[in-house]
Amino acid sequence: MIIRKRLAAALGGALLVTLTGGLLPSAASADSGGTADRAAAKEPPKVELVLDVSGSMRARDIDGQSRMSAAKQAFNEVLDAVPEDVRLGIRTLGADYPGKDRKEGCKDTRQLYPVGELDRTEAKAAVATLVPTGWTPIGPALLGAADDLEGGDATRRIVLITDGEDTCAPLDPCEVAREIAAKGVGITIDTLGLVPNARMRAQLMCIAEATGGTYSSVQHKEELSERVGQLVDRAAEPVVTPVATQGGDRCADAPRLKAGLYADREAFGQHRWYRVDLLPGQELRASVSISVDRPVNRDHGVLLRASTLAGREIVRGESTGDGRTDVVSTGLRYPKADTGDSGDADDSGDSGPAAETVCLRVSNSFSAPASVRTSPGLPLELTIDITGGPRDAGDAAFLGLGHGWWLLGLLTLAGFAAGALWGWISRWRIAVWRSN
């Protein structure tokens, strides 16, 4: 019996070592990649979170919690996950003055936590003291945040989280954002609207667009945590400016794109065509996002389709929405195996392998109420990436799973071995029990 138990333990240990050994290289590779990215940064990026603490944040309409409670929970989760190389600060608006004097209420903004190296415990303690109180001076808060981020050439972002429109006009927050952009200080403002209405949505979109930022509507606490975290992480990434392009009405007239980020506009219900040349042994990875920058009808979708010059579909990606999201995105991957098949060759005359022309078509099914202008079209961002294509199951691009196929096979074999071993031990124990 002891020998059998030792045999079982040895087999289990061997399986564990095998599985662990298979995972270690990936972890090491990821760690080395992260170190390289941090070394490339010249100056730590700066982010200031601007939180609305006005009286309306008491409303209990986010997953049964008050808006303030949801915001605090999101902040705690974000603070735990802030990258080490990000300098983060927090500013409030409407947190201190409870009175009805509009002039005083519109001065109610202060820096709760200074922009710098993050002490997570101290920052969380500061957020925990906030109580919904006063007015909504968005314009003054943005000016204060811009001053907080002043100096240096680091990436700088303001993330505004609010549940209402500014209550301190004529200092229009949209004009404030335009003034910040006009100074050329390189500050991007991203806005998040908690349970937004149409007017609030329009104001926050205007603020974001003025500085090249993004606007998102949030109705659940998980969405808030995820979105704020994404924006903070984005500050640590190199800033990439999309290249303006104009898609064609058919593939033959479409612009020929290389790897990069491109910006275009697409009318409601329109098709836009783009071309990419792909060599044998390469993989095309493409994604598209269409922003909803105006009220649209519910139930819409975006389709990204890859086809040959002859019109044969290769692969497609599609996504749908129901009016509660402000960006609809989808993507696709097309690995071209290194088989010597030239596909649709180009006419360059090069002696190397011929490239296949892949036609990318972006389509949408958006529609808008009669009162909404449909011109210009909706903002579109197209990302093109070309990587090494699949050669074997260990290739990182193999069917999009990388080493996952190898790991999946290993886990399957391990499951069979463990099941057989456990069945054998169980049968042996039952036999012993019966004999006794």
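Here the structure is shown first, and the text comes after it.
What you see is a predicted model, and the numbers here were worked out from it, not measured in a lab.

> Can you explain the overall build of the protein? Please cite residues and give values.
Of the regular secondary structure elements, the protein holds nine helices and 16 strands. Taken over 436 residues, the protein has a buried fraction of 42%. In the protein, the share of contacts with a sequence separation of at least 24, taken over all contacts with a separation of at least 6, comes to 74%. Of the roughly 22500 Å² that the protein leaves accessible, carbon and sulfur atoms contribute 54%.

> Quick one: what's the story with the nonpolar core, residue by residue and with numbers?
In terms of nonpolar packing, the biggest core is built from 34 residues, with L51, I161, L224 and V232 touching the most fellow members. Of all the secondary structure elements, the ones that give two or more residues to this core are β1 (46-52), α2 (67-81), β2 (87-93), β3 (109-116), α4 (120-128), β4 (156-162), β5 (187-194) and α8 (221-235). At seven residues, α2 tops the list of elements feeding residues into this core. Other than its neighbours up to four places away in sequence, I161 contacts V50, L51, D52, F75, L192, L194, L224 and V228. Counting 26 residues, the second largest nonpolar core, distinct from the first, contains F268, I290, L304 and L382.

> Report on the pairing of β5, specifying residues and quantitative values.
Summarising burial for β5: eight of the eight residues are buried, a large majority. Alternating positions in β5 separate into two faces, I187, I189, T191 and G193 on one and T188, D190, L192 and L194 on the other, with burial throughout. Bridge count between β4 and β5: seven bridges; the pairing is parallel. When the bridges of β5 are listed, T162 appears paired with G193. Across four bridges, the pairing between β5 and strand β6 (residues 215-218) is parallel. Bridge pairing in β6 places L192 opposite S216.

> Any details on the packing of helix α6 (residues 173-182) against helix α7 (residues 198-210)? Residues and values, ideally.
Look at α6 against α7: their axes get within 8 Å of each other, and the N-to-C directions meet at 5 degrees. When the interaxial angle is binned, α6 and α7 end up roughly parallel. Where α6 approaches α7, its residues P173, C174, A177, R178 and A181 are matched on the opposing element by Q203, C206, I207 and A210. For the contact of α6 with α7, the per-class residue count stands at seven nonpolar, one polar and one charged.

> Residues and numbers for unusual backbone geometry, please.
Cis rather than trans, the peptide bond between S375 and P376 has omega equal to 0 degrees. With respect to the helices and strands, P376 occurs in the loop between β15 (356-364) and β16 (378-388). Unusually for a residue other than glycine, D63 sits at a positive phi of about 55 degrees. Relative to the helices and strands, D63 resides in the loop between β1 and α2. Positive phi, close to 65 degrees, is recorded for D299, a residue that is not glycine. Its place among the elements puts D299 in the loop between β11 (282-291) and β12 (300-307).

> Just give me the short version of helix α5 (residues 138-148), but keep the residues and values in it.
Most of α5 is tucked away, with eight of its eleven residues classed as buried. For α5, every residue scored as buried is listed here: I138, G139, P140, A141, L142, G144, A145 and A146.

> If you had to explain the sheet that holds strand β10 (residues 271-278) to someone new, which residues and values would you point to?
Taken in spatial order, the five strands of this open sheet run β8-β10-β15-β12-β13, and their pairing is mixed. The two strands at the open ends of the sheet, each matched to only one other strand, are β8 (256-257) and β13 (313-321). Pairing analysis gives six bridges linking β12 to β15, with the strands arranged antiparallel. Residue S307 lies in a different strand from β15, and its bridge partner there is C359.

> Describe in detail the sheet that holds strand β9 (residues 260-266), supporting the description with residues and values.
Taken in spatial order, the five strands line up as β7-β9-β16-β11-β14 in an open sheet, and their pairing is mixed. Of all the strands in the sheet, the pair left with one neighbour each is β7 (243-244) and β14 (327-335). The sheet contact formed by β9 and β16 spans seven bridges and is antiparallel. Looking across to β16, one finds that Y262 is bridged to L382.

> Can you tell me about the pairing of β4, naming the residues and giving the values?
Where burial is concerned, most of β4 is hidden: seven out of the seven residues are buried. Residues R156, I158, L160 and T162 of β4 are buried on one face, and the alternating residues R157, V159 and I161, pointing to the opposite face, are buried as well. Bridge count between β1 and β4: six bridges; the pairing is parallel. For E48, the partnering residue across the bridge sits in β4 and is I158.

> Summarise the pattern of salt bridges; cite the residues concerned and give the values.
Two side chains that carry opposite charge are able to pair once their charged atoms sit near each other. Overall, the coordinates contain 20 salt bridges when judged by the stated rule. For E48, the salt bridge identified is with R91, shortest N-O distance 3.7 Å. Of this pair, E48 sits in strand β1 while R91 is found in strand β2, placing the two residues 43 residues apart along the sequence. R91 gets classed as buried once you look at its relative accessible area, which sits at 8%. Among the ionic pairs, D277 bridges to R256, the shortest N-O distance being 2.7 Å. Taken as a pair, D277 in strand β10 and R256 in strand β8 lie far apart in primary sequence, 21 residues in all. Connected through shared salt-bridge partners, E48, R91 and D148 make up one network.

Cut-offs applied
- Residues numbered from 1 in each chain as written.
- Predicted model: local features only at pLDDT ≥ 70, side-chain atom pairs only at ≥ 80, totals over all residues.
- Heavy atoms only, no water.
- Helix = DSSP H or I, 4+ residues; strand = E, 2+ residues; numbered from the N terminus.
- Buried < 20%, exposed > 50% of the residue type's maximum accessible area, 1.4 Å probe, protein only.
- Contact = heavy atoms within 4.5 Å.
- Areas by Shrake-Rupley, 256 points an atom, 1.4 Å probe, with all protein chains shown as cover.
- Core = buried A, V, L, I, M, F, W, Y, C linked by side-chain atoms within 4.5 Å.
- Pairing = 2+ DSSP bridges.
- Axes fitted to C-alpha atoms, helices over the stretch in contact; angles between N-to-C directions.
- Parallel < 35°, antiparallel > 145°, perpendicular 65-115°, else oblique.
- Nonpolar A, V, L, I, M, F, W, Y, C, P; charged D, E, K, R; others polar.
- Salt bridge = Lys/Arg side-chain N within 4 Å of Asp/Glu carboxyl O.

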